[in-house]
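Chain and residue survey
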2 protein chains.
Amino acid sequence: MEDFKPTERTTVKRLPKRGNYERETINQILDEGFICHVGFVVDGSPVVIPTGYGRLGDQLYIHGSAASRMLKTLREGIGVCVTVTLIDALVLARSSFHHSMNYRSVVIFGNARIVEDEDEKMKALQTFTDHIMIGRWEEARIPNQKELRATMVLSLSLNEASAKIRTGPPVDDEEDYEIPVWAGELPLHLATGEAVPDSRLRDGIEIPQYVQNYRRPQATDER
Amino acid sequence: MEDFKPTERTTVKRLPKRGNYERETINQILDEGFICHVGFVVDGSPVVIPTGYGRLGDQLYIHGSAASRMLKTLREGIGVCVTVTLIDALVLARSSFHHSMNYRSVVIFGNARIVEDEDEKMKALQTFTDHIMIGRWEEARIPNQKELRATMVLSLSLNEASAKIRTGPPVDDEEDYEIPVWAGELPLHLATGEAVPDSRLRDGIEIPQYVQNYRRPQATDER
C-alpha cells in the first residue's frame, strides 16, 4: 500500500509535525468517519455541503439524487475538496492560549467522476451502505432500476490526500505548570442511543445485532 | 430577532421542505456545534478546513495562529462558506434507497473581517472558550499581550445563512412496508469519556464540575 506523496496543497504547513501521509492512517480515518464536507466553487464562491460517503480501495463514493445541484456541479469534473474530521478530545491547558483539541482530519483534493456503469453503480451503493452500517445491505431491499436511475453516484480517486492529527495531553508554557487549575483531556466520541422502531414496523421483528451493537470501526480494531 | 432572508445561494433547493431560515433555529445549531468546516478558494481550487468557532450575537468568530495560511487568506476578505453539521440519527428504511440520516446543518456565506481592536479580540477569545466550555475562561490563565499578538481572530457576520434539517422516521414506498425487515432510527450523539488528568497536574486539584458534567447546549434547554 503506497503512501501519499505530499503536494503543494496537501502539505500540512501549520504545525507540520501533525501532518501524516500514510495511506493506512488516512484510510482508517475515512473508515471511522461517515460524513464528509464537500467543497466546490460556484460562480467563484466556495460552497461547503455535508454528505455521507463510502470508501472502497482508493475510491471515495458520494451519491444523491440525480437532481442534486452539488452532484450536477461536480459531475462536470471541477475541482473538489473533501474533508473528514473526527474529534477525539477537548484538551484543557492551564492557559487559555494553549487549549486545543485532539482530532484526526483528512483533506482530499481531486476531480470527481460520474459512475455510469450499472454494475459499478450498484457496487458503489453497496459500498456506501456497508460503510455506514455493515449488515444492512443484506437485509434491506436493494435498489431497483428506477431507483438506480434516480441516484447519481460520483467517485473521487484517493490520489492527493493528507491527514492532520493531534493526540496527547495539553502542552503549557513551563511557568504555567504552577497554576493550580485542572488540566487534561476530556475524551469525546460518537455514541448511540436506544434504537427507535418505526411505528409501522411489522410485529415480531427484533432489533438486529448490527443496530444494537452499532459502532464505528476503530484504529485499534483487528484487520 | 429577525430571521434570515433566503438568497440565491442559501435557498435550500433539494428537498426545500428541509430548509429553515429562522435565526433562533440557526443559532441553536451553531451553539450546539463547535466545529465548523471553512471553505475558501485558493488559486481557483476549493479548500475545506475544520476549525473551532464561537458565536456571539450575530458574529461567528474563528481564530488561530497569526501564521495560519487559512486565516491569512481569509483576512483578505475573500468569499467564505462556513458549514456546521450535527448528526442526530441513522434512519433505516426497508429499502436501501430510502435510507437516510437525521441531521441539522447550517451553511453561512460571507466575507470575514479581521478583529484588530484588542478589547474585541479578547472578547472574541472569551467567546471562543465559552462556546466550547462554559466555566473555563474564569479558571485558565487569560491570554497575555504576546499571546494576543500571536493569535489572529476573524469575524464573520451572520447575514446570509440557512439551515437544513431532517427529523423523524424512515419514509418507505407504500408497498415496502410489508417487507419483514427492521426499520427505524438509531440516535447518535456526542458523548464524553472519563476525563484524563494531565500527568503534571498539581496535587489535590479535582476535576471541575464543568468538565465532569460536560454537555453541549441542546435545543430543549431552557433559555
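Computed from a prediction, not measured in an experiment: that's the story for all the values here.

Our next topic: the pattern of salt bridges. Using the criterion set out here, one finds 28 salt bridges over all chains in the structure. Ionic pairing is found between A:Arg94 and A:Asp172, a salt bridge with its closest N-O pair at 2.9 Å. Linking A:Arg94 in the loop between strand S6 (79-92) and strand S7 (100-111) with A:Asp172 in the loop between strand S10 (160-166) and strand S11 (184-192), this pair joins segments that are 78 residues apart in sequence. Taking the relative accessible area as the measure of exposure, A:Asp172 reaches 6% and is therefore buried. A salt bridge links B:Arg94 to A:Asp198; its shortest N-O distance comes to 2.8 Å. With B:Arg94 in the loop between strand S6 (79-92) and strand S7 (100-111) and A:Asp198 in the loop between strand S12 (196-197) and helix H6 (209-212), the pair connects residues from two separate chains. Summarising the burial analysis for this pair, B:Arg94 and A:Asp198 share the class buried.

A few words on the interface of chain B and chain A. The partner chain A presents 87 residues to the 87 residues of chain B that form the contact. Three residues stand out in chain B for area buried against chain A, namely B:Pro46, B:Arg141 and B:Trp182, and they jointly supply 10% of the buried area on that side. On the surface where chain B and chain A come into contact, there are ten salt bridges. As a salt-bridge pair, A:Arg202 and B:Glu178 come within 3.9 Å of each other at their nearest N and O atoms. Joining chain B to chain A, the criterion identifies 37 residue pairs in polar contact (both at pLDDT 80 or more). Among the elements that take part in the side of chain B that touches chain A, strand S11 (residues 184-192) of chain B stands out by supplying nine residues, more than any other. Of the residues assigned to the side of chain B that touches chain A, the class counts are 49 nonpolar, 19 polar and 19 charged. In this sheet, strand S12 (residues 196-197) of chain B lies alongside S11(A) in antiparallel orientation, the contact comprising two bridges. Paired with A:Gly184 across the strands is B:Pro197, a residue of S12(B).

So, on to the packing of aromatic side chains. Considering all chains together, one arrives at zero aromatic pairs over all chains under this definition. Sitting above the plane of the B:Tyr177 ring, A:Arg200 keeps its charged end 3.6 Å from the centroid.

The subject of this paragraph is the sheet that holds strand S9 (residues 151-157) of chain B. What links the strands of a sheet is backbone hydrogen bonding, and the strands pair in either a parallel or an antiparallel sense. Residues and elements named next belong to chain B. In space, the four strands of this open sheet follow the order S4-S5-S9-S8, with antiparallel pairing throughout. Of all strands in the sheet, those bounded by a partner on one side alone are strand S4 (54-56) and strand S8 (113-114). As judged from the two bridges shared by S8 and S9, these two strands associate in the antiparallel manner. Bridge pairing in S9 places Ile 114 opposite Leu 154.

Superposing chain B onto chain A takes a rotation of 180° plus a shift of 0.0 Å along the axis, which leaves an RMSD of 0.0 Å. A rotation of that kind, with that shift, is consistent with a two-fold axis. By C-alpha distance to the rotation axis, the residue of chain B lying nearest is B:Leu190, at 2.4 Å. Of the residues that chain B buries at the interface, 100% are likewise interface residues in chain A, meaning the two copies contact each other through the same surface.

Moving on, we get to the sheet that holds strand S9 (residues 151-157) of chain A. Residue and element names in this part refer to chain A. The sheet built from four strands is open, its strands ordered S4-S5-S9-S8 with antiparallel pairing. Bordering the open sheet on either side are strand S4 (54-56) and strand S8 (113-114), each of which pairs with just one other strand. Sheet topology places S4 next to strand S5 (residues 59-65); three bridges connect them, and they run antiparallel. When the bridges of S5 are listed, Leu 56 appears paired with Gln 59. Sheet strands in contact with helix H3 (residues 118-132) are S4, S5, S8 and S9, and its direction is about 115° off that of S4.

With that out of the way, let us pick up the environment of B:Lys72. Residue and element names in this part refer to chain B. Positionally, Lys 72 belongs in helix H2 (residues 69-74). Accessibility expressed as a relative area gives 43% for Lys 72, which makes it partly exposed. Each C-alpha atom, one on Lys 72 and one on Asp 130, is 25 Å from the other, the two residues being 58 residues apart in sequence. Not counting residues within four places of it along the chain, the set of residues in contact with Lys 72 comprises Ala 66, Ala 67 and Met 152.

Rules behind the numbers
Residues numbered from 1 in each chain as written. Chains lettered and ligands numbered in written order. Predicted model: local features only at pLDDT ≥ 70, side-chain atom pairs only at ≥ 80, totals over all residues. Heavy atoms only, no water. Salt bridge = Lys/Arg side-chain N within 4 Å of Asp/Glu carboxyl O. Helix = DSSP H or I, 4+ residues; strand = E, 2+ residues; numbered from the N terminus. Buried < 20%, exposed > 50% of the residue type's maximum accessible area, 1.4 Å probe, protein only. Contact = heavy atoms within 4.5 Å. Buried area = accessible area lost by both parts, 1.4 Å probe. Polar contact = N/O pair within 3.5 Å; in protein donor to acceptor, adjacent residues only side chain to side chain. Nonpolar A, V, L, I, M, F, W, Y, C, P; charged D, E, K, R; others polar. Pairing = 2+ DSSP bridges. Phe/Tyr/Trp six-rings, centres within 6.5 Å; stacked < 30°, edge-to-face > 60°. Lys NZ or Arg CZ within 6 Å of the ring centre and 35° of its normal. Least-squares fit on C-alpha atoms with pLDDT ≥ 70 in both. Axes fitted to C-alpha atoms, helices over the stretch in contact; angles between N-to-C directions.

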